[in-house]
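# Architecture and fold: a report
This is what each chain is made of:
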Amino acid sequence: MKTTLTLLSAVVGAEAVWSLGPESFNCKMRALAWEYGQKTLPKYGKFENLYYALGLNDDCKNVTGPVHFSPEDARPRAPLFPNAGSDGFSVYVDYEKGNDSNDGSIDHPLKTVNAGVEKAKGKGAGAFVYLRAGIHYLTETVQITAENSGLTIQNYNGEEVTVSGGKKLDLKWSPHNIQNGNNMYVSDVNGLDYAWGFQMNGVRATRARYPNGNVELPERTVEAGDPNGVKMIPGLLAEWTLPDFSKQGTQTYVTNTNPSQMRNFTTYGFQEYMVGINGPCDIYDPPVAYWCAEAVKGGSAFAFRVPRGVKPDKMVIAPKGGGPDAGLHMPYANPEGAIINVWRPKRWANWMF
């Protein structure tokens, strides 16, 4: 595919006025960025998150046409790397079929990544630890030392491999509520106090929540007919607790006012490069960001402020009967450990906590 990008300019006296052309050009550039992302990172398949991040589902849906994503599209694809030559040292690891007492050959693989790395010590550059298909669970940190210099750890022959610091669960699902169109199943989880995340068949699962839906794709709404969308509760139905400004470090502003480095081709702001250090940016590492600068510009930009808490309106959390969004399946027997997902659904100056 040959792509030609033309920038149009009109010269007025000594000043060049640049334009990206019509909106259709803007959308075609976004579609091209999506295509480029798929080619650059093929493991993400159709790259659903990039599609939504570029706004192709909204502003530019007439350019790409209808695009449908399936759970399979969200699974990362395994990269295909060249295998080592016959002269290189190779050891094979198969979490499901291996045993750490084996010799590590392709027919008698080891079980753990740690055992493979240990066996490859001192073999010099060109040593390979090949991981066979499946999920390789790590129960301890993989120790790679100077004796492993030149070691390569990779999947074997393009097989789909995942290295996980999680814990494999043996779940036995049983129906919980499958009446009236519901599809709720439950399983006991033994030996696990808490889980920050859960993956099933290689795809990260969404926590059970209200309103139901995938919070990672907030622009996919149930109102638009997407069954995986999110019906948002208006932010005005909550009382927000201001951050404790006394705990923030002293804020420093850095603004580049050097005339030779100004972006003089814009007339609506964004002419000076600027950042803020510390202050509300203490939540970052390092504590530096544009949004903490002295005079941010554009859209609804403002200095980053993270509320300390939120108290939902009684209309939202009261027992059922307070309104169309009331209830949240209240009252809860024990709300301890509840997680509230909050976001500002704007692309400009977007932030989440």
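This structure is a prediction, so every number in the text was calculated from the model and none was measured.

Time to look at the overall build of the protein chain. The helix and strand tally for the protein chain stands at 5 helices and 16 strands. Across the 353 residues of the protein chain, 23% fall into the buried class. Considering only residue pairs separated by 6 or more positions, the protein chain has 52% of its internal contacts joining residues 24 or more positions apart. About 24,100 Å² of surface is accessible on the protein chain, with carbon and sulfur atoms providing 54% of the total.

A separate point is the sheet that holds strand E3 (residues 90-93). Taking strand neighbours across the sheet as the criterion, the 3 strands line up as E3-E4-E6 in an open arrangement whose pairing is parallel. Among the strands making up the open sheet, the edge pair consists of E3 and strand E6 (152-155). Strand-to-strand twist across the sheet, computed as the mean angle between neighbouring axes with direction ignored, equals 25°. Relative to strand E4 (residues 128-131), E3 runs parallel, the two being bridged by 4 bridges.

For the rest of this paragraph, the subject is the sheet that holds strand E15 (residues 288-289). The strand order across the open sheet built from 3 strands is E13-E14-E15, with neighbouring strands paired in antiparallel fashion. Either end of the sheet is taken by a strand with one partner, and the two such strands are strand E13 (252-255) and E15. Alignment of E13 against strand E14 (residues 274-277), held across 4 bridges, turns out to be antiparallel. Paired with threonine 252 across the bridge in E14 is isoleucine 277.

Our next topic: the environment of asparagine 256. Positionally, asparagine 256 belongs in the loop between E13 and E14. Expressed as a C-alpha distance, the spacing of asparagine 256 and valine 275, which sit 19 residues apart in the sequence, is 9.1 Å. Not counting residues up to four positions away in its chain, the partners in contact with asparagine 256 are Gln261, Glu272 and Tyr273. A polar atom in the side chain of asparagine 256 sits 2.5 Å from the side chain of glutamine 261.

Relative to the assigned elements, asparagine 155 resides in strand E6. You can call asparagine 155 buried: its relative accessible area is 7%. Of the polar contacts made by the side chain of asparagine 155, one reaches the backbone oxygen of glutamate 159; its length is 2.9 Å.

Attention now goes to unusual backbone geometry. Residue aspartate 285 is joined to proline 286 through a cis peptide bond whose omega torsion reads 0°. Phi angles above zero are rare outside glycine, and phenylalanine 47 is one such case at about 55°. Relative to the helices and strands, phenylalanine 47 is located in the loop between helix H1 (23-40) and helix H2 (48-53). Its relative accessible area of 15% is what places phenylalanine 47 among the buried residues.

On to the side chain of histidine 136. Residue placement: histidine 136 occurs in strand E5 (residues 134-137). In contact with histidine 136, not counting residues within four places along its chain, are Val93, Asp94, Tyr95, Val113, Leu131, Val161, Thr162, Val163 and Ser164.

The relative placement of two aromatic rings is captured by the distance of their centres and the angle of their planes. Inspection of every chain in the model, using the stated rule, returns 10 aromatic pairs. Between phenylalanine 128 and tyrosine 130, the ring centres sit 5.4 Å apart and the planes meet at 20°, which makes this aromatic pair stacked. The exposure class assigned to tyrosine 130 is buried, which follows from its relative accessible area of 1%. Among the aromatic side chains, those forming a connected cluster through ring pairs are Trp34, Tyr51, Tyr52 and Phe69. Positioned above the aromatic ring of phenylalanine 69 is the side chain of lysine 46, whose terminal nitrogen or guanidinium carbon lies 5.1 Å from the ring centre. Lysine 111 extends its terminal NZ or CZ atom over the ring of tyrosine 95, reaching a point 4.1 Å from the ring centre.

Tallying each qualifying case throughout the model produces 4 salt bridges. Salt-bridge contacts for glutamate 159 lead to arginine 132; the nearest nitrogen and oxygen are separated by 2.8 Å. Of this pair, glutamate 159 sits in the loop between E6 and strand E7 (161-164) while arginine 132 sits in the loop between E4 and E5, placing them 27 residues apart in sequence. Here aspartate 170 makes a salt bridge to lysine 172, at a shortest N to O gap of 3.4 Å. Accessibility classification places aspartate 170 together with lysine 172 in one group, the exposed group.

Any segment with low pLDDT has predicted coordinates that should not be analysed in fine detail. Counting all residues, the mean pLDDT for the protein chain is 75, and 66% of those residues have values of 70 or more. The least confident element of the protein chain is strand E1 (residues 8-12), whose mean pLDDT is 35; the most confident is helix H4 (residues 113-119), at 96. Contacts for the low-pLDDT stretch residues 1-21, under 50 throughout, to residues beyond four places or in other chains number 17 contacts. Across residues 318-327 the pLDDT falls below 50, and counting only partners more than four positions away or on other chains, this stretch makes 20 contacts in the model.

Basis of the calculations
- Here the residue index of a chain counts from 1 through its sequence in written order.
- Only residues with pLDDT of at least 70 are given local features in this predicted model, and only at 80 or more are side-chain atom pairs given and counted; all residues enter the totals for whole chains, interfaces and linings.
- For the side-chain quantities, the full set of heavy atoms in the structure was used; hydrogens and water were omitted.
- Secondary structure elements are taken from DSSP: a helix is a run of H or I of four residues or more, a strand is a run of E of two residues or more, and numbering for both begins at the N terminus.
- To sort residues, take the accessible area from a 1.4 Å probe on protein chains only and compare it with the maximum for the residue type: under 20% means buried, over 50% means exposed, and anything in between is partly exposed.
- What makes two residues a contact is simply this: any of their non-hydrogen atoms within 4.5 Å.
- The Shrake-Rupley method, run with a 1.4 Å probe sphere, supplies the accessible areas, and residue values consider only the shown protein chains as cover.
- For two strands to be treated as a pair, DSSP must find at least two bridges joining them.
- To get an axis, a line is fitted to the C-alpha atoms, and for a helix only the part in contact is used. The angle between two axes follows their N-to-C directions and goes from 0 to 180 degrees.
- Counted as a polar contact is a pair of N or O atoms within 3.5 Å, where, for protein atoms, one must be capable of donating a hydrogen and the other of accepting one, and residues adjacent in sequence contribute only when both atoms are in side chains.
- The pairing test for Phe, Tyr and Trp rings, Trp by its six-membered ring, is centres within 6.5 Å, and the orientation test on the planes gives stacked under 30 degrees, edge-to-face over 60, and tilted for anything in between.
- Geometrically, a charge over a ring is one whose NZ (Lys) or CZ (Arg) sits within 6 Å of the ring centre while staying within 35 degrees of the ring normal.
- The salt bridge criterion pairs a side-chain nitrogen of Lys or Arg with a carboxyl oxygen of Asp or Glu, the two atoms within 4 Å.
- The pLDDT score gives, residue by residue, the confidence of the prediction method on a 0 to 100 scale.

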